[in-house]
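Chain residues, written in single-letter form:
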Amino acid sequence: MATSQTKKTTGSRVEASVEIAVSARNISKNYGETEALKNLSLDFPRGQLTSLLGPSGCGKTTLLKIIGGLLSADSGEVEVGGQAVTGPGEDRAFVFQDFALLPWASVIRNVAFGLELRGVAKSERESIAEKYINDVGLAGFENSYPHELSGGMRQRVGLARALSVDAQVLLMDEPFSAVDEQTRRKFQEDLLSLVQNENKTFIFVTHSIEEAVYVSDQIAILLPRPSRVSEIIKPSGFRDKGPENIRRDPEYLDIVDKIWASLRSYVE
Amino acid sequence: MKVFGYQLPGMSSLILWGLLWEIVGRVGVTFFIPPLSEVFQTLFAIIGTPAFVKALSETAYAFSMGVFFAIVIGIPVGILMGKSRLLDELLLPWVNIFLSAPLTALVPVLMVLFGFGMKSIIITTSLFAIWIIILNSRAGVMQINRSLVDMANSFGASSWEAFTKIYFWAALPEILGGVRIGVIRAVKGVIIGQLLISIVGFGALFELYSANFMMTHFWAVLIVLFALAFTISEFLAYLESRVAYYAAKR
Ligand SMILES: Nc1ncnc2c1ncn2[C@@H]1O[C@H](COP(=O)(O)OP(=O)(O)O)[C@@H](O)[C@H]1O
Ligand SMILES: [Mg+2]
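Attention in this report is confined to the structure presented alongside it. (Residues numbered from 1 in each chain as written. Chains lettered and ligands numbered in written order. Predicted model: local features only at pLDDT ≥ 70, side-chain atom pairs only at ≥ 80, totals over all residues. Heavy atoms only, no water.)

Next up on the list: the overall build of chain A. The helix and strand tally for chain A stands at 10 helices and 10 strands. Its C-alpha atoms give chain A a radius of gyration of 18 Å, within 12% of the compact-globule value 18 Å for 268 residues. Each of the three principal axes of chain A carries a C-alpha extent, and together these read 50 × 50 × 40 Å. Going through the 268 residues of chain A one by one, you find that 53% of them count as buried. A fraction of 68% describes how many contacts in chain A between residues 6 or more apart in sequence connect residues 24 or more apart. Looking at chain A as shown, the accessible area adds up to about 11,900 Å², and 48% of this sits on carbon and sulfur atoms. Separation of charge centres in chain A, based on 31 positive and 37 negative side chains, amounts to 1 Å. (Helix = DSSP H or I, 4+ residues; strand = E, 2+ residues; numbered from the N terminus. Rg over C-alpha atoms; globule rule 2.2 N^0.38 Å. Buried < 20%, exposed > 50% of the residue type's maximum accessible area, 1.4 Å probe, protein only. Contact = heavy atoms within 4.5 Å. Areas by Shrake-Rupley, 256 points an atom, 1.4 Å probe, with all protein chains shown as cover. Lys, Arg positive; Asp, Glu negative; His and termini not counted. Charge placed at Lys NZ, Arg CZ, Asp CG, Glu CD.)

Following this line, the structure appears as structure tokens:
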């Protein structure tokens, strides 16, 4: 109850003056002949979760990597917190679809790896990692190795690693697509409370309509050929009704239908 | 091996071949094959002698220096080839040529370039070992999971950090495989070097024993050499098995 109260107040503040954490301006990117992105512009409000939703091959990963500074755009620019992006930075952290864990390193070293690369001393980074290992529910697995964990647990390691560097912006590329359906639902619920409790900006790539509508404050629908943002949808009515009620909320169902109607013609 | 339903311990086939050797030796088919028991007697007799210890230490020195250079040059070169398309296209044809070239034919050239001493022997040893180490390190890097590299970059890894914390470890199973084969080739290299360049170490012993038809001595030294090579290779295979668990999971 208390949390839903806070959410309401932040919600109304956001409506009053939307603060933009990340903005992409006129981004174009070609891979040889392939036009992956063409003149794409999109704003990401601070403290909210924005989904990039669209059929595969429409440039979602490309856009996320450009925001993350892993790829440079052919033209256009990305600003994070008012600063133009020229490469990877401490204000952004990635969660990868295939987890991207070091197979030769224990859970605690994996979680602390972002801090290790940022030059944080071993004892300090391990105590930070310890906290996030607890937060994601992996206490007791500190000294396990990735191959000893299930897919869901591995992605919790990936999430803890991204959280432990305390970046303002979390970039998640289909983070739940490699885990089983039940785990995925649990992740989605956990993500909702994460968005609520951490004042971070989430950019979340998915190809699942239901998932996007379930977790997002804002959904950007990307369409291919030429790649563009075709529509921005902001579900507002059901976010505070509790995770277990969202899926039968009429607005939720309407939005899912509406998105399917606009995407169905792009399915081969 | 199984005989009449009994599980024989590992390597019991060696016993069989040893027996055969002993019989052939005793029958006296050829002076070239003395009985195995005599070979072992000779082995224990010569193993502590100053001549043998000197040969062993000379060979061990040339061998370990040669392998050392093959590893410290070969692994980074292989990793860099795997990372850089340009470097790969420049170097790969040469690596492939040298991998299959009859290196023994190059030894006289090395003698002209580097003299008749230890230096040439070490370089010969390195030349035998390095190419497979380069190729395997390169292969290890090429199969690296791209998202590990993206991950390291996203946390701001420098190229040096990416090299030491990602590429090296990701390629380690292949690197160790390459080092293992390289070491076996280095054994060949060091003996050929010692025979052709300057007659020192085990090479000198082989030369001495075969020139004087001292076949038991000849075989005794050869067995020592095989045993050493086998031990090193088994040790590396053990290290490989330690990292094999993640070779499959990358
Ligand atoms: N490294 C690359 N080289 C060439 N083409 C690429 C590369 N990465 C992506 N593409 C192409 O760019 C388009 C967009 O890809 P991507 O951003 O991965 O889409 P999504 O993540 O939405 O599936 C696709 O047509 C894909 O084939
Ligand atoms: Mg993608």
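The interface of chain A with chain B comprises 24 residues on the first partner and 19 residues on the second. Approximately 1,900 Å² of surface area, both sides summed, lies buried where chain A meets chain B, with 70% of it carried by carbon and sulfur atoms. Considering only the surface of chain A that becomes buried against chain B, A:Trp104, A:Leu117 and A:His147 emerge as the three largest contributors, covering 35% of it. Where chain A touches chain B, the interface holds 2 salt bridges. A:Lys65 serves as the salt-bridge partner of B:Asp150, at 3.1 Å between the closest nitrogen and oxygen. Take the side of chain A that touches chain B: its biggest share by element is 4 residues, from helix H4 (residues 113-117) of chain A. (Buried area = accessible area lost by both parts, 1.4 Å probe. Salt bridge = Lys/Arg side-chain N within 4 Å of Asp/Glu carboxyl O.)

On to the site of ligand 1. Residues and elements named next belong to chain A. The full set of residues close to ligand 1 is Tyr31, Thr34, Ala36, Ser56, Gly57, Cys58, Gly59, Lys60, Thr61 and Thr62. One of the backbone N or O atoms of Cys58 is found 3.3 Å from an oxygen atom in ligand 1. Lys60 places a polar main-chain atom, nitrogen or oxygen, 2.9 Å from an oxygen atom of ligand 1. With the chains in place, 58% of the 560 Å² that ligand 1 exposes on its own is no longer accessible. Those elements that place two or more of their residues in the shell around ligand 1 are strand E2 (34-45) and helix H2 (60-68). If you tally residues by element for the shell around ligand 1, the top one is H2, at 3 residues. Split by residue class, the shell around ligand 1 holds 3 nonpolar, 6 polar and 1 charged. (Near = heavy atom within 4 Å. Polar contact = N/O pair within 3.5 Å; in protein donor to acceptor, adjacent residues only side chain to side chain. Nonpolar A, V, L, I, M, F, W, Y, C, P; charged D, E, K, R; others polar.)

With that out of the way, let us pick up the nonpolar core. Counting residues in each nonpolar core, the largest one holds 156 residues, and the members touching the most others are A:Leu52, A:Leu191, A:Ile259 and B:Phe202. Considering every element that reaches this core, the biggest residue donor is helix H8 (residues 159-196) of chain B, with 16 residues. There are two domains that each give this core at least three residues, and those are domain 1 (3-90 + 197-266) and domain 2 (92-166) of chain A. Those residues in contact with A:Leu52 that lie beyond four places of it in its chain are A:Leu42, A:Phe44, A:Lys60, A:Leu63, A:Leu64, A:Ile203, A:Phe204, A:Val205, A:Thr206, A:Ala220 and A:Leu222. (Core = buried A, V, L, I, M, F, W, Y, C linked by side-chain atoms within 4.5 Å. Domains from an automatic or database assignment.)

Residues and elements named next belong to chain A. With 14 residues, helix H5 (residues 122-135) should cover 20 Å at 1.5 Å per step; its first-to-last C-alpha distance of 20 Å lies within 8% of that length. Residues Arg125, Ala129, Tyr132 and Ile133 constitute the buried set of H5. Down the axis of H5, the buried set is contained in an arc of 105°. They therefore lie on one face. Tucked into the core, H5 has its buried residues touching helix H3 (107-111), H4 and helix H6 (151-164). Just downstream of H5, Gly137 is the residue with a positive phi angle, here 85°. (Expected span 1.5 Å × (residues − 1). Arc of directions from axis to C-beta.)

Hydrogen bonds along the backbone pair up the strands of a sheet, which may run parallel or antiparallel. Residues and elements named next belong to chain A. Read from one edge of the open sheet, 6 strands run E6-E7-E8-E3-E9-E10, paired in mixed fashion. Each edge of the sheet is formed by a strand with only one pairing partner; in this case those strands are strand E6 (92-95) and strand E10 (228-233). Ignoring strand direction, the axes of neighbouring strands in this sheet form an average angle of 20°. Of the pairings in the sheet, the one linking strand E3 (residues 49-53) to strand E9 (residues 218-223) comprises 4 bridges and is parallel in character. Opposite Ser51, over in E9, you have Ile219 as the bridge partner. In the packing of H6 onto the sheet, contacts are made with E6 and strand E7 (169-173), and the angle to E6 comes to roughly 180°. (Pairing = 2+ DSSP bridges. Axes fitted to C-alpha atoms, helices over the stretch in contact; angles between N-to-C directions.)

Residues and elements named next belong to chain A. Strands sit in the order E2-E1-E4-E5 across an open sheet of 4 strands; the sheet is antiparallel. With one partner strand each, in any of the chains shown, E2 and strand E5 (83-84) form the two edges of the open sheet. Looking at chain direction, strand E1 (residues 20-31) and strand E4 (residues 75-80) are connected through 5 bridges and run antiparallel. When the sheet's bridge partners are listed, Ser23 is paired in E4 with Glu79. Docked against the sheet, H2 engages E1, E2 and E4, running at close to 60° with respect to E2.

Residue and element names in this part refer to chain A. Residues Arg92 and Phe94 of E6 are buried on one face, and the alternating residues Ala93 and Val95, pointing to the opposite face, are buried as well. Sheet topology note: the E6/E7 ladder contains 4 bridges and is parallel. When the bridges of E7 are listed, Arg92 appears paired with Val169.

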